[in-house]
Amino acid sequence: MRPLLKWAGGKRALVKSIIDLFPQDYTERRYHEPFFGGGAVFFHTTPQMGSINDINPRLMNFYRVVRDDSEGLIEEASRYRYDEKEYYMRRDLFNSRGLSDVEYAALLLYLNKTAYNGLYRVNSKGEFNVPFGRYEDPVIVHPRSIRRASRLLRNVDIRCGGFDYILDVADEGDICYLDPPYHPASETANFTDYATKGFDMGDQERLRDVCIELDSRNVLFVLSNSDTEAVRGLYEGEGFHFQSLRTRRMISSKVSSRSSGYDLLITNNR
Ligand SMILES: C[S@@+](CC[C@H](N)C(=O)[O-])C[C@H]1O[C@@H](n2cnc3c(N)ncnc32)[C@H](O)[C@@H]1O
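Residues numbered from 1 in each chain as written. Predicted model: local features only at pLDDT ≥ 70, side-chain atom pairs only at ≥ 80, totals over all residues. Heavy atoms only, no water.

1. Observations concerning the environment of G261
As for its position among the elements, G261 is in the loop between β6 (241-245) and β7 (263-267). Taking the C-alpha atoms as reference points, G261 and S226, 35 residues apart in sequence, are found 8.3 Å from one another. (Helix = DSSP H or I, 4+ residues; strand = E, 2+ residues; numbered from the N terminus.)

What follows is the structure, encoded as structure tokens:
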């Protein structure tokens, strides 16, 4: 199925190449996705067991509500209308405190379908600040997809925090797909607005160490990142396999380096 949300860095275009690197019997294995976002790979492969995680609390609240109260979510979000004045009123509500989990989830869905470009961006205070987007009659609630996702998430552990929780849950034979904020192909291409705190080189190094630990436990992983010398340098010499894919759109016209148009998939599955 398609993801429920549009998400920057969403991997719908890469799903087939990523799954090609999974073992044949991947549907029978436990599956973990520590940088979930819109979860394009998860929703495509529909795993029955495992864990999903993201550092964004409003996002993971959304998936928890989808799993545990899909009807409440459908009912609440169905009341919201696509209208510029209403958009800014709901955006203020989303940035306020004291609403219920279902209300925050419905507001996230609404903003995702009506904000400019479907972006999720917060300011330094953590407030969602994307302006109203112009669409031709956008569909805000798709009840069938929400119910399907709810069933799919039934046996999935939904976490919210840093990616290293994976070391507490991943066992031999499990599959892990890691899709961190990309290392910038150039300074102008740096997009780290998913959360208030960005994802720096220290985080990329910690993630590499997590991959080495997963490998030593015989957990199969696939990781995506930008194809840059810095990323290759991090993972070289560990016996992992690299696959470069020319599928990324240019983020900035100023980017001149060859690597800006390429994704790199790294895996220990051989
Ligand atoms: C490239 S996006 C993932 C996109 C996803 N694969 C999809 O198909 O939509 C990266 C995600 O990592 C999350 N993130 C950023 N820093 C993180 C951290 N330290 N631990 C866990 N998640 C983090 C962001 O909130 C963002 O949703």
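2. Considerations on the side chain of N225
Following the sequence through the fold, N225 ends up in strand β5 (residues 220-226). N225 gets classed as buried once you look at its relative accessible area, which sits at 0%. Here the side chain of N225 touches Q204 through a polar contact of 3.1 Å, side chain to side chain. When sequence neighbours within four positions are dropped, the list of residues in contact with N225 reads P180, Y182, H183, Q204, V231, D263 and L264. (Buried < 20%, exposed > 50% of the residue type's maximum accessible area, 1.4 Å probe, protein only. Polar contact = N/O pair within 3.5 Å; in protein donor to acceptor, adjacent residues only side chain to side chain. Contact = heavy atoms within 4.5 Å.)

3. A short note on the site of the ligand
In the region of the ligand, 24 residues are neighbours, and W7, K11, G38, D54 and D179 sit closest. Here an oxygen atom of the ligand and a backbone polar atom of A40 are 3.2 Å apart. Considered on its own, the ligand offers 610 Å² of accessible surface; in the complex 96% of this is hidden by protein. A per-class count over the shell around the ligand returns 12 nonpolar, 8 polar and 4 charged. (Near = heavy atom within 4 Å. Areas by Shrake-Rupley, 256 points an atom, 1.4 Å probe, with all protein chains shown as cover. Nonpolar A, V, L, I, M, F, W, Y, C, P; charged D, E, K, R; others polar.)

4. Observations regarding empty space enclosed by the protein
Under the defined criterion, the tally for this structure stands at 1 cavity of 30 Å³ or more. Considering only enclosed or pocket space, the largest cavity measures out at about 30 Å³ in volume. Lining the largest cavity, in full, are F22, Y26, T27, Y31, T45, P47 and I175. The residue inventory of the lining of the largest cavity, partitioned by class, reads 5 nonpolar, 2 polar and no charged. (1 Å grid on protein atoms, 1.4 Å probe; cavity = no way out; pocket = protein on both sides within 12 Å on 5 of 7 lines; lining within 4 Å. Points joined across faces, edges and corners; volume = space filled by probe spheres on them.)

5. Focus: unusual backbone geometry
Phi angles above zero are rare outside glycine, and D137 is one such case at about 50°. Following the sequence through the fold, D137 ends up in the loop between α6 (101-114) and α7 (143-152). For D137, a relative accessible area of 67% translates into the label exposed. Phi is positive for N218, which is not a glycine, with a value near 60°. The residue N218 is located in the loop between α9 (201-216) and β5 in this model.

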